[in-house]
Amino acid sequence: DVVCDLGFGDGALLCGIIKLAECTGCGCELNSGLVASARALAVSSGLSQGAAVLTESSIARYMLSADFRRATVIICFLVPTQLEALAPSFKAAMDAGTRIVTQLYPIPGMTHLRCLDRGAILQGRKRRTDPFAGISEVEALAALRRDDLARQEEEYFPDQGQAYLYSHGP
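Overview of the structure.

Rules behind the numbers
Residues numbered from 1 in each chain as written. Predicted model: local features only at pLDDT ≥ 70, side-chain atom pairs only at ≥ 80, totals over all residues. Heavy atoms only, no water. Helix = DSSP H or I, 4+ residues; strand = E, 2+ residues; numbered from the N terminus. Expected span 1.5 Å × (residues − 1). Bend = angle between axes of the 7 residues up to and from the residue. Phe/Tyr/Trp six-rings, centres within 6.5 Å; stacked < 30°, edge-to-face > 60°. Core = buried A, V, L, I, M, F, W, Y, C linked by side-chain atoms within 4.5 Å. Buried < 20%, exposed > 50% of the residue type's maximum accessible area, 1.4 Å probe, protein only. Contact = heavy atoms within 4.5 Å.

### Here's the deal with helix 5 (residues 80-95)
The terminal C-alpha atoms of helix 5, which comprises 16 residues, lie 21 Å apart, in line with the 22 Å expected from a rise of 1.5 Å per residue. At A87, helix 5 shows its largest bend, some 55°, and a proline, P88, comes one to four positions later. Remark: G97 follows helix 5 within two positions and exhibits a positive phi of approximately 100°.

### Some details on the packing of aromatic side chains
Considering all chains together, one arrives at one aromatic pair under this definition. Between the aromatic rings of Y62 and F68, the centroid separation amounts to 6.4 Å while the plane-to-plane angle is 75°, which identifies the pairing as edge-to-face.

### A word on the nonpolar core
Among the nonpolar cores identified, the biggest contains 24 residues, and C4, L6, I74, F90 and I107 are the most heavily contacted of them. Counting only elements with at least two residues in this core, the list comes to strand 1 (2-6), strand 2 (24-29), helix 3 (59-62), strand 4 (73-76), helix 5 and strand 7 (163-166). The biggest single contributor to this core is helix 5, with six residues. Aside from chain neighbours lying at most four places away, what touches I107 is L83, A87, F90, I100, T102 and Y166. C23, A51, A52 and L54 belong to the second largest nonpolar core, which has 15 residues in total.

In structure tokens, the structure reads:
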């Protein structure tokens, strides 16, 4: 898989996914300081050269790039107006077989295949204030079995609200 993060911020999530899933990744971020931090994180995380292509660009311009067209999975944490504006591009990507995961908000006008919200699992447990805190422990996470990764997913997603999966397949 090639995972694309639209608006990757400091790159922690994307670098963690690349490391854990042993895939490649790409993405865009408008803030040049965050792009520099993400590139430094990719190097310090031991990602091979080219495993993470991190670009300073607007989302609209980036979605016209060859890097974006290579994506098999798109992840994004955008607000509804941004998602609605990008819906035609998302539909075209899905027609090409790309899966899309949005965090917190669904894409207006599109039907999601699944919605993940495991908030009930954390009842009575202290919630994380920093949803990316576990990403710095990428080496330890990489050693976990798949079952343990599913448990980690259950602990991660509730702090950020629901996640919506869009795909033409299962």
